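# Secondary and tertiary structure notes
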Amino acid sequence: MSWQNFILSAVIRRQQNATMKLTPEHRFKRQRKFMAMDIGKPNKTVTCTTDELAGVKAEWLAPKGINICPSTPVCVYYHGGAFIMGGMNSHRQMCSELAAQANISVLMVDYRLAPEHPFPAAPEDAMSVYLALIEMGYESRNIIIAGDSAGGNLALTTLQKLRDDNKPTPAAAILFSPWLDLSHNSQSFTDNKQKDVLLNKTLLEEAVAMYAPKLPRNDPRISPLNANMANLPPLLIVASRVEVLLDDATALHHKIQELHGDSTYLEWPNPPHAFPVMSRFLPEARDALKKSAAFITQHIA
């Protein structure tokens, strides 16, 4: 464990312990406010441009010298935040680092959040932005999709729906600590209950109640781990050994392998959930982004 990870994990644990003493309503407001803060500056070699695709707000992060046009590759990124928080500010710094390292433009999707916009708003926005790129002339072989936590859920559900609807699928996908089974019955919720400094079952249950109050938790539309995993593009799955969502990542990897699909699984021993987003602070996160950039280079046209 790096000393940076040791210190950051201690700070996060202390904040989360204080947060869990609040009422659910106060807890939600406090966490959403924190995730809305501009907590990191983008890489200086990357330009930021706001946009709107299919009525969905988005932001382009492109290394200087790369034109944003249908002839250039793009990584579509769905941010995490349990479907109820997060956005451009919370993920801009990390996405700019990924853009710089992979030398690719990254399109961050500002999808609608619950509880104001419950399911199916988020997956509809995720799908709409991808299809808008196709309609603009982007070739699917030049598109990577990626996401962390709830964004990893959106990335996988988008892949599955594109396949089921016979639409062009992207060249590959990257999932950081994906949240894929909203029933929360896996063994890692027990094994890592005291080890995960960022997430716990209570927080996730509260988020699901806001995101999809009318659906069974195991419905494959919100729990894509229960859906068909056949004929998906190559996946890179990144997880931490100490997170409660560890089994979501490993189960996805094993299911794809059982179907003779293409899945690469990378695990770090001690960092927090969705740690690649913390590349400003953690060497483990920067290492994960470096490997993710190499994966993009390997699979992009």
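Read on for a plain summary of the structure.

Rules behind the numbers
Residues numbered from 1 in each chain as written. Predicted model: local features only at pLDDT ≥ 70, side-chain atom pairs only at ≥ 80, totals over all residues. Heavy atoms only, no water. Helix = DSSP H or I, 4+ residues; strand = E, 2+ residues; numbered from the N terminus. Buried < 20%, exposed > 50% of the residue type's maximum accessible area, 1.4 Å probe, protein only. Contact = heavy atoms within 4.5 Å. Areas by Shrake-Rupley, 256 points an atom, 1.4 Å probe, with all protein chains shown as cover. Lys, Arg positive; Asp, Glu negative; His and termini not counted. Charge placed at Lys NZ, Arg CZ, Asp CG, Glu CD. Core = buried A, V, L, I, M, F, W, Y, C linked by side-chain atoms within 4.5 Å. Patch = residues over 30% accessible without salt bridge, like charges linked within 9 Å, V, L, I, M, F, W, Y side chains within 5 Å. Salt bridge = Lys/Arg side-chain N within 4 Å of Asp/Glu carboxyl O. Disulfide = S-S within 2.5 Å. Phe/Tyr/Trp six-rings, centres within 6.5 Å; stacked < 30°, edge-to-face > 60°. Polar contact = N/O pair within 3.5 Å; in protein donor to acceptor, adjacent residues only side chain to side chain. Pairing = 2+ DSSP bridges. Axes fitted to C-alpha atoms, helices over the stretch in contact; angles between N-to-C directions.

## Quick word on the overall build of the chain
A count of helices and strands for the chain gives nine helices and eight strands. Oriented by its inertia axes, the alpha-carbon framework of the chain measures out at about 50 × 40 × 35 Å. Relative to its full complement of 301 residues, the chain shows a buried share of 56%. Long-range pairs, those at least 24 residues apart, make up 77% of the contacts in the chain with a sequence separation of at least 6. Carbon and sulfur atoms form 53% of the exposed surface of the chain, whose accessible area is close to 12900 Å². For the chain, the separation between the mean place of its 30 positive charges and that of its 29 negative charges on side chains is 7 Å.

## Notes on the nonpolar core
Counting 61 residues, the largest nonpolar core has Tyr78, Leu133, Ile145, Trp179 and Leu252 as its most contacted members. Setting aside anything within four residues of it in sequence, one finds Leu252 in contact with Leu156, Leu175, Leu180, Leu225, Met229, Leu235 and Ile237. Formed by 37 residues, the second largest nonpolar core is a distinct cluster that contains Leu8, Met94, Ala172 and Ile174.

## A closer look at unusual backbone geometry
Here the residue pair Ala114 and Pro115 is connected by a cis peptide bond, since its omega of 5° sits within 30 degrees of zero. Cis geometry is adopted by the peptide bond preceding Pro120, which originates at Phe119 and carries an omega value of 15°. Its place among the elements puts Pro120 in the loop between β4 (105-109) and α4 (121-135). Positive phi, normally seen in glycine, also occurs at Ala274, with a value near 55°.

## Looking at the environment of Lys57
With respect to the secondary-structure elements, Lys57 resides in strand β2 (residues 56-63). For Lys57, a relative accessible area of 55% gives the class exposed. Between the alpha carbons of Lys57 and Met88 there is a distance of 9.8 Å; along the sequence they are 31 residues apart. In contact with Lys57, other than residues within four places in its own chain, are Asp51, Glu52, Met108, Val109 and Asp110.

## Description of a nonpolar patch on the surface
A cluster of nonpolar residues, Met1, Trp3, Phe6, Ile7 and Val11, forms a patch on the protein surface that exposes about 590 Å² of accessible area. Along the chain, the position of Met1 falls in the segment before α1 (3-19).

## Let's talk about the state of the cysteines
Throughout the structure, instances matching the rule amount to zero disulfides. As a non-bridged cysteine, Cys48 has Cys95 as the owner of its nearest cysteine sulfur, 10 Å distant. For Cys69, which is in no disulfide, the shortest distance to another cysteine sulfur is to Cys75 and amounts to 17 Å. We classify Cys69 as partly exposed; its relative accessible area is 22%.

## With respect to the packing of aromatic side chains
For any pair of aromatic rings, the description rests on two quantities: the centre-to-centre distance and the angle between the ring planes. Evaluated as defined, the whole model comprises five aromatic pairs. When the ring of Phe119 is compared with that of Tyr211, the centres are 6.0 Å apart and the planes differ by 85°; the resulting orientation is edge-to-face. One end of the pair, Phe119, is in the loop between β4 and α4; the other, Tyr211, is in helix α7 (residues 201-211), and 92 residues separate them in sequence. Here Tyr211 falls in the buried class, since its relative accessible area comes to 1%. An aromatic cluster of three or more residues is present, and its members are Phe83, Phe119, Trp179 and Tyr211.

## Quick notes on the side chain of His91
Mapped onto the elements, His91 comes out in helix α3 (residues 88-102). The buried category is assigned to His91, whose relative accessible area is 2%. At 2.9 Å, the side chain of His91 and the side chain of Asp148 are in polar contact. Apart from residues lying up to four places away in sequence, His91 is in contact with Met35, Tyr77, His79, Gly80, Met108, Asp148 and Val277.

## Some words on the sheet that holds strand β5 (residues 143-148)
Taking strand neighbours across the sheet as the criterion, the eight strands line up as β1-β2-β4-β3-β5-β6-β7-β8 in an open arrangement whose pairing is mixed. Each edge of the open sheet is held by one strand with a lone partner, namely β1 (46-53) and β8 (263-268). Adjacent strand axes in the sheet meet at a mean angle of 20° when their direction is disregarded. Packed on one face of the sheet, α3 meets β1, β2, β3 (74-78), β4, β5 and β6 (172-176) and runs near 35° to β2.

## Remarks on the environment of Trp60
With respect to the helices and strands, Trp60 occurs in strand β2. You can call Trp60 buried: its relative accessible area is 3%. Sequence separation between Trp60 and Ala18 is 42 residues; the distance between their C-alpha atoms is 36 Å. Ignoring anything within four residues of it in the chain, the contact list for Trp60 reads Thr47, Cys48, Thr49, Asp51, Ile68, Val74, Ser105, Val106, Leu107, Leu133 and Tyr138.

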